[in-house]
Amino acid sequence: MGSVFGLLWLFTGFLQSARGQGVYAPPTVRIVHAGLTCTVEEERYSERVYTIREGDTLQLGCLVTGHPHPQIRWTKTAGGAPDRQGDSTLLNETLKISNISRHQGGRYYCKAENGLGAPAMRSVRVDVYYLDQPVISVHQSVGEAKEQFYSERTVFLRCEASSNPPVLYSWRRGSQALTQGSDTGVEIYEPFFTQGETKILKLKNLRPQDYAGYTCTSSVRSVCGIGDKSAHFSLNNRTAPPSVKLLLDDPLVVNPGETITLVCVPSGGDPPPSLEWVRPGGEELPKRSVVNGGTLTVPAVSVEDGGAYSCVASNNVGNPAKKSTTILVRGLRKGRFWITPDPYHNDDHIQIGREVKVSCQVEATPPEELQFDWLKNGRPIRSSERMVLTHSGGTAHLDIIDLKFTDFGTYTCVASLREGGTPETSIDVNISSTTVPPELSVPRGRSHLVAQEGDTVDLQCLVSGKPKPILLWSRLEESGAAAALPALMPDGSEQTESYDGVLRINNVTRETSGTFRCRTSQYNGFNVKPREALIQLVVQFPPTVEPVYTEVRQALSRAFSLTCRLLQAHPARLLRYEWKLGSRLLTVGQFSDQQDDTSYLVKALNREGYGEYTCDITNEAGAGRCTFLVTGKAFAPEFYYDTLSALWQNRPRVYGFKLQWTQMEPNAVDRILAYRLGIRQMSQSRWWEQEIPMETTVQKGELLTYNLTELIKPESYLVRLTPITRYGEGDATERIIKYSAPVNPHLREFQCGFEDEALCLFSQDKTDKFDWTHHSAATRDTKYTPNTGPSTDHSGSKQGFYMYIETSRPRLQGDKARLLSPTFNMNTKTSSSSVTYCFAFYYHMYGKHVGALNVFLRQKAQTVTDTSVWSLIGNQGDRWRQAKVNIHPTAAFQIVMEGVRGTGIEGDIAIDDVTIKEGECKDPPPNNLRSLAPPSSPHIWQLGVTLSLALIGRQR
């Protein structure tokens, strides 16, 4: 920060407080626009409509009041779920959307909450303006449509352009403007069903002069600077809708890995149509594909590339033309088999003299090329009276009638495609005296399994039979006394295949507990009634407890209790608990059947009692732990952001800031002895620190004030405040102090504390007898009249400024001083109606000779008029009071503050913290504020500041 800053950085402090809840207040919200905007419309008092051009940057600011400072959340729905360009809810004061699109228009909500009262919410509607390039399409009336546009036919030219606001269309034929009635052969109208979005030009009974060039111009009347856009179409006797043809076979059957080329050519249409290849349902073309006009090339085609492809031709005349073809990629998939014992007898076993059917199934593309061959022990089989071969779709059957011993062997089903191009698929099925239907069981002791959370569990079903079938695992979910319902497997599927009879579940959780079913599949096995078995899985897990971690703040010598609650556990019996402080055992015990929590009482906290308390609740599966960090640290201070006129300027090169805060839960810990104040320039790394002693006990809701002065323009500062108790330092809070040049605030809310030399653009009336004086009690001269005037500004600070009238000589009774506010212009949208503003200020009228304080509303219409709106006469005591009055201006206006000198010199009048807010005045605040004298011990920088003292502050 440097020695120069050390020289300039002078502080003086003062503390004031408010009993009870003090300045704690629920949030309020107001939304303002900070970025580009075309227009801002006031729909209602609580809502604005912002109009912005597509592609510009939307920036909305959410201005909040309330203490503690509210958290701010931007959403696009009132419920909270965001609906903006895929991003998450914004948790800061500014909503910024760069390159805004039309889909991002809508209602945006700013929600503020600070835990007091109901959250505050305001919304704005954002209207995004845009204009797309118009498109002209040409149609004939139904029944007259021909391949060409012949004479004596009625033709419609439709112009369409997406826009917001609604578009205005105009037509020209060549250089001639076409309007309704300008040509008897032309009608112009807007169809009702399009709600003004299109305008149709109707040419009745085409004439030779109608064959010409037409121009449609779309306009949104230059709103948001959006210019007009035009489209052109040349109508002639060759104009015709498009037609298209495909130069390829349909369907097109190809082998995997081949390169295919689809060719589409226009066969008619004027103007020449454009061509586009698409797939059904908006599915994308293969990523490897190349499109060149009407030619689509797909290299190394795969099975996934098969399906329908369509060529679409469009020239904006009539309807688009469309031709489709199908690509079939040869392939064989999913070969499976099953054995059906004698289908005419209810027997699951294969017996000599009975019938046996062997079936195999294959999925093929194209299905009509699929063919099957059967082999027995590697030799081909031909269909006969005893060996009947049939083929239906993708399934082939071999019926062995009157089974003989010689029929035992290995039968092979071979599936292939006639045109080749893909390897054949063969399936072996063994038929012998050992071929038996499946049997299913669960190993002994494995039908009820107990595991712990995180284990790997193997569920096993033993399956016998030849051929050995695939097992299908599924899960059942019990629903009371109702039948078992299907549930999802741990991997999210409905069922899982297993070839070895084992289902392995890794990292089981408590949700995995339940009943699992294994059953045989008829495929790759016997076509008999499925066999099934059930396994019950129980997953044990350690107790779930709350709170998992919490911080407890306590003052010394106090009693408090810690409670650890049991939420769930399995097994839920024989639970034990154990309390510790660090590694020291405090107590142990066992839960009763009805118990769901355990508590530990500290009767009187001492310094050795600070630390980490743990409570472990255990069962067979492990332990759940509650952790409590007991500390005497003070909670963080809460900076007060709603200070009126917090920033002031008393010299050209420096400025000051009124830092205000409250203390979070000050009574929870030992009394706060002091605050450590740290400050550094944002551009520097060096901290300067000083302790602010607290002479009295800080109360909840008490507003504390400390003035930072001599801050260098235009630097910003990081301020850190840390409470200190007997325990030591508490939690720190930081905020950034920014310099901002004084400006004339807008009328919706005007605030002035007279802290800067510019006086918020207040000015002295040139026609009065004397002027108001800009004054601070810290610079009060002893020659000033005693027993009159304030000793501090309204906030209680001796360094704060206010305005007052000095009534000493040469002033005479009745002399007037007038102070004029800036001129405020009325809102043009509401100036014709009565608008109410609340004018409020603080006044100090103390002294036995006090005269009068008058307030006038000066309106500047065709003539200037002054109307009295408030007045008070005489001594009101040595205290600041607040006045509020509703004003109803109908033109540009000023506020005139008039001070009138009384009968003697003890008649000073002061004013401070002037505000003008839109809306009716609320109830005035309570007047029971108390003031504290500044600390008796002078601050280090109050002892006569020299260059050497600038380096005394501690550096961090």
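Residues numbered from 1 in each chain as written. Predicted model: local features only at pLDDT ≥ 70, side-chain atom pairs only at ≥ 80, totals over all residues. Heavy atoms only, no water.

Colleague: So what's going on with the overall build of the protein? Residues and values would help.
Modeller: Within the protein, the secondary structure is distributed over one helix and 75 strands. In the protein, buried positions account for 47% of the 956 residues. Long-range pairs, those at least 24 residues apart, make up 71% of the contacts in the protein with a sequence separation of at least 6. Accessible surface for the protein amounts to roughly 46800 Å². Of this, 48% is attributable to carbon and sulfur atoms. (Helix = DSSP H or I, 4+ residues; strand = E, 2+ residues; numbered from the N terminus. Buried < 20%, exposed > 50% of the residue type's maximum accessible area, 1.4 Å probe, protein only. Contact = heavy atoms within 4.5 Å. Areas by Shrake-Rupley, 256 points an atom, 1.4 Å probe, with all protein chains shown as cover.)

Colleague: Report on the sheet that holds strand β30 (residues 370-376), specifying residues and quantitative values.
Modeller: Taken in spatial order, the four strands line up as β31-β30-β34-β35 in an open sheet, and their pairing is antiparallel. The outermost strands of the open sheet, each flanked by one partner alone, are β31 (379-380) and β35 (425-431). Summarising the sheet, β30 and strand β34 (residues 409-417) pair through seven bridges and their orientation is antiparallel. Within β34, the position partnered with F372 by the bridge is A415. (Pairing = 2+ DSSP bridges.)

Colleague: I'd like to hear about the pattern of salt bridges, residue by residue, with values.
Modeller: Using the criterion set out here, one finds 35 salt bridges in the structure. D348 is paired through a salt bridge with R531; the nearest N and O atoms lie 3.4 Å apart. Residue D348 is found in the loop between β28 (331-340) and β29 (356-365), and its partner R531 is found in the loop between β45 (525-526) and β46 (532-546); the two are separated by 183 residues along the sequence. The exposure class of D348 is partly exposed, given its relative accessible area of 26%. Two residues, R386 and D407, come together in a salt bridge whose shortest N-O distance is 2.8 Å. Residue R386 is located in the loop between β31 and β32 (387-392), and its partner D407 is located in the loop between β33 (395-400) and β34; the two are separated by 21 residues in the primary sequence. (Salt bridge = Lys/Arg side-chain N within 4 Å of Asp/Glu carboxyl O.)

Colleague: Which residues make up the packing of aromatic side chains, and what are the values?
Modeller: Counted under the stated rule, the structure contains 18 aromatic pairs. Taking 5.6 Å as the distance between ring centres and 70° as the angle between the ring planes, the aromatic pair formed by F405 and F408 counts as edge-to-face. Judged by its relative accessible area of 17%, F408 is buried. Measuring from ring centre to ring centre gives 6.3 Å for Y802 and Y804, while their planes differ by 70°; the resulting arrangement is edge-to-face. The burial state of Y802 is the same as that of Y804; both residues are buried. Ring pairing ties together the aromatic residues W579, Y600, Y613 and F628, which thus form one cluster. The ring of F639 has R735 lying over it, and the distance from NZ or CZ to the ring centre is 5.8 Å. Its guanidinium or amino end placed over the ring of Y641, R735 lies 4.2 Å from that ring's centre, counting from NZ or CZ. (Phe/Tyr/Trp six-rings, centres within 6.5 Å; stacked < 30°, edge-to-face > 60°. Lys NZ or Arg CZ within 6 Å of the ring centre and 35° of its normal.)

Colleague: With reference to specific residues and values, describe the sheet that holds β28.
Modeller: Strand order in the open sheet formed by five strands is β32-β33-β29-β28-β45, and the pairing between neighbours is mixed. Every interior strand has two partners, whereas the edge strands, β32 and β45, have only one. Strand direction decides the pairing type here: β28 and β45, joined by two bridges, are parallel. Each bridged residue has a counterpart across the sheet, and for W338 the counterpart in β45 is G525.

Colleague: Lay out the nonpolar core with the relevant residues and their values.
Modeller: Residues F839 and F841 are the most contacted members of the largest nonpolar core, which totals 34 residues. Broken down by element, this core gets its largest block of residues, five residues, from strand β68 (residues 837-845). With residues up to four places along the chain from it excluded, the contact list for F839 reads V855, A883, K884, V885, I887, I895, M897, V914, T915, I916 and C921. Residues I339, F372, F408 and I427 belong to the second largest nonpolar core, which totals 28 residues. (Core = buried A, V, L, I, M, F, W, Y, C linked by side-chain atoms within 4.5 Å.)

Colleague: Before we move on, can you summarise the pairing of β29 with the specific residues and values?
Modeller: For β29, the tally of buried residues reaches seven of 10 residues, placing the bulk of the element in the interior. Sheet topology places β28 next to β29; eight bridges connect them, and they run antiparallel. Following the sheet pairing, R336 is matched in β29 by Q361. With six bridges connecting them, β29 and β33 associate as antiparallel partners. For Q361, the partnering residue across the bridge sits in β33 and is T395.

Colleague: Account for the state of the cysteines, naming residues and giving values.
Modeller: Within this structure, the stated rule accounts for eight disulfides. Between the sulfur atoms of C360 and its disulfide mate C413 the distance is 1.9 Å. With a gap of 53 residues between them, C360 in strand β29 and C413 in strand β34 connect regions that are remote in the sequence. Comparing C360 with C413 shows no difference in burial state: the two are buried. (Disulfide = S-S within 2.5 Å.)

Colleague: Break down the side chain of D342 for me, citing the residues and quoting the values.
Modeller: Tracing the backbone through its elements, the reader meets D342 in the loop between β28 and β29. At 3.0 Å, the side chain of D342 and the backbone nitrogen of Y344 are in polar contact. The residues contacting D342, other than those within four sequence positions of it, are R354 and E355. (Polar contact = N/O pair within 3.5 Å; in protein donor to acceptor, adjacent residues only side chain to side chain.)

Colleague: Provide a residue-level description of the environment of A25, including the pertinent values.
Modeller: Here A25 shows up in strand β3 (residues 25-33). The exposure class of A25 is partly exposed, given its relative accessible area of 26%. It is 8.3 Å that separates the C-alpha atoms of A25 and T65, two residues lying 40 residues apart in sequence. Setting aside its immediate chain neighbours within four residues, A25 contacts G66, H67, N114 and L116.

Colleague: Mind laying out unusual backbone geometry, listing which residues take part and the relevant values?
Modeller: The peptide bond linking H67 to P68 adopts the cis configuration, its omega dihedral lying at 0°. Position of P68 among the secondary structure elements: in the loop between β6 (58-67) and β7 (71-75). In this structure, the amide linkage connecting N164 to the following residue, P165, adopts the cis form with an omega of 10°. Mapped onto the fold, P165 is located in the loop between β13 (163-164) and β14 (168-173). At N316, a position not held by glycine, the phi torsion is positive, near 65°. Along the chain, N316 falls in the loop between β26 (307-314) and β27 (321-329). Given a relative accessible area of 35%, N316 falls into the partly exposed group. Phi is positive for D402, close to 55°, though the residue is something other than glycine. For D402, the position within the fold is in the loop between β33 and β34.

Colleague: Could you give me a rundown of the pairing of strand β69 (residues 852-860), with the residues and numbers involved?
Modeller: Among the nine residues that make up β69, eight are buried, leaving the element largely enclosed by the rest of the structure. Pairing analysis gives nine bridges linking β69 to strand β70 (residues 864-873), with the strands arranged antiparallel. In the sheet register, Q859 faces β70, and the bridge partner there is T865. If you look at the hairpin formed by β69 and β70, you'll find three residues sitting between the two strands. Here β69 runs beside strand β72 (residues 892-900); their pairing, made up of nine bridges, is antiparallel. Bridge pairing in β72 links Q859 to F893.

Colleague: Talk me through the confidence of the model for the protein; I want residue IDs and the actual numbers.
Modeller: Put simply, the protein has an average pLDDT of 85, and 86% of its residues get 70 or more. Within the protein, the element-level pLDDT minimum falls on strand β74 (residues 930-931), averaging 29, and the maximum on strand β60 (residues 717-725), averaging 98. (pLDDT = per-residue confidence, 0-100.)

Colleague: Break down the environment of C224 for me, citing the residues and quoting the values.
Modeller: Structurally, the position occupied by C224 is in the loop between β18 (213-219) and β19 (229-234). The spacing of C224 and E54 is 170 residues in sequence and 9.4 Å in space, taken between C-alpha atoms. Residues in contact with C224, not counting those within four places in the same chain, are C38, T51, I52, R53 and Y129.

Colleague: Tell me about the environment of Y211, and please be specific about residues and values.
Modeller: For Y211, the position within the fold is in the loop between β17 (198-203) and β18. What makes Y211 partly exposed here is its relative accessible area of 22%. Placed 27 residues apart in sequence, Y211 and R238 show a C-alpha to C-alpha distance of 9.9 Å.

Colleague: How would you explain the side chain of Q894 if you had to name every residue and give the values?
Modeller: Mapped onto the elements of the fold, Q894 is located in strand β72. A polar contact of 3.0 Å, which involves the side chain of Q894, links it to the side chain of K860. Leave out the neighbours within four places in its chain, and Q894 touches L820, S821, P822, T823, F856, L857, R858 and K860.

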